[in-house]
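So the chains spell out like this:
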Amino acid sequence: MLRIAIVAALLATPLAAQETKEESCKYQADVVAAIQKARLDRVKERDVAQAVADSGPSWPENYNAAIPLITPWVYEQKMRDVRKKDLGAAWLELCLQQ
């Protein structure tokens, strides 16, 4: 949960201030899902930011700053959980509770 709070504080920029909490959480969840996909695609942890950027993400550019913060959390998860669980949905749920 601390990681979610850190990411939320990081994304509290003037652009993000115009977004609703739900929109911000949705974008964060999309970032998590993209990182999860990169892990499933066997992208090395150090190459995730570039791989996600190359995928043409639909979130505002300032959310790319969260990738280095969230990547270790995704890569710490057991591979069976990465395969079977929707980490983006879990992040969204936790973010909305903040």
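That block above? That's the structure.
To keep things clear, this report deals only with the structure shown in the data block. (Residues numbered from 1 in each chain as written. Predicted model: local features only at pLDDT ≥ 70, side-chain atom pairs only at ≥ 80, totals over all residues. Heavy atoms only, no water.)

1. A closer look at the state of the cysteines
What the rule picks out here adds up to one disulfide. Two residues, Cys25 and Cys95, share a disulfide whose sulfurs are 2.0 Å apart. Between Cys25 and Cys95, the disulfide has an S-S torsion of -75 degrees and is therefore left-handed. With Cys25 in helix α3 (residues 21-40) and Cys95 in helix α7 (residues 87-97), this residue pair connects regions lying 70 residues apart in the sequence. Considered together, Cys25 and Cys95 belong to a single accessibility category, that of buried residues. (Disulfide = S-S within 2.5 Å. Helix = DSSP H or I, 4+ residues; strand = E, 2+ residues; numbered from the N terminus. Buried < 20%, exposed > 50% of the residue type's maximum accessible area, 1.4 Å probe, protein only.)

2. Notes on the packing of α3 against α7
Contact geometry for α3 and α7: axes closest at 8 Å, N-to-C directions at 150 degrees. Accordingly, the angle class assigned to the pair α3 and α7 is roughly antiparallel. As α3 runs across α7, the sense of the crossing is right-handed. The residues of α7 that touch α3, namely those facing Lys21, Glu22, Cys25, Lys26, Gln28, Ala29, Val32, Ala33 and Gln36, are Leu87, Gly88, Trp91, Leu92, Cys95, Leu96 and Gln97. Considered class by class, the residues forming the contact of α3 with α7 number nine nonpolar, four polar and three charged. (Axes fitted to C-alpha atoms, helices over the stretch in contact; angles between N-to-C directions. Parallel < 35°, antiparallel > 145°, perpendicular 65-115°, else oblique. Left-handed = near helix turned anticlockwise from the far one by under 90°. Contact = heavy atoms within 4.5 Å. Nonpolar A, V, L, I, M, F, W, Y, C, P; charged D, E, K, R; others polar.)

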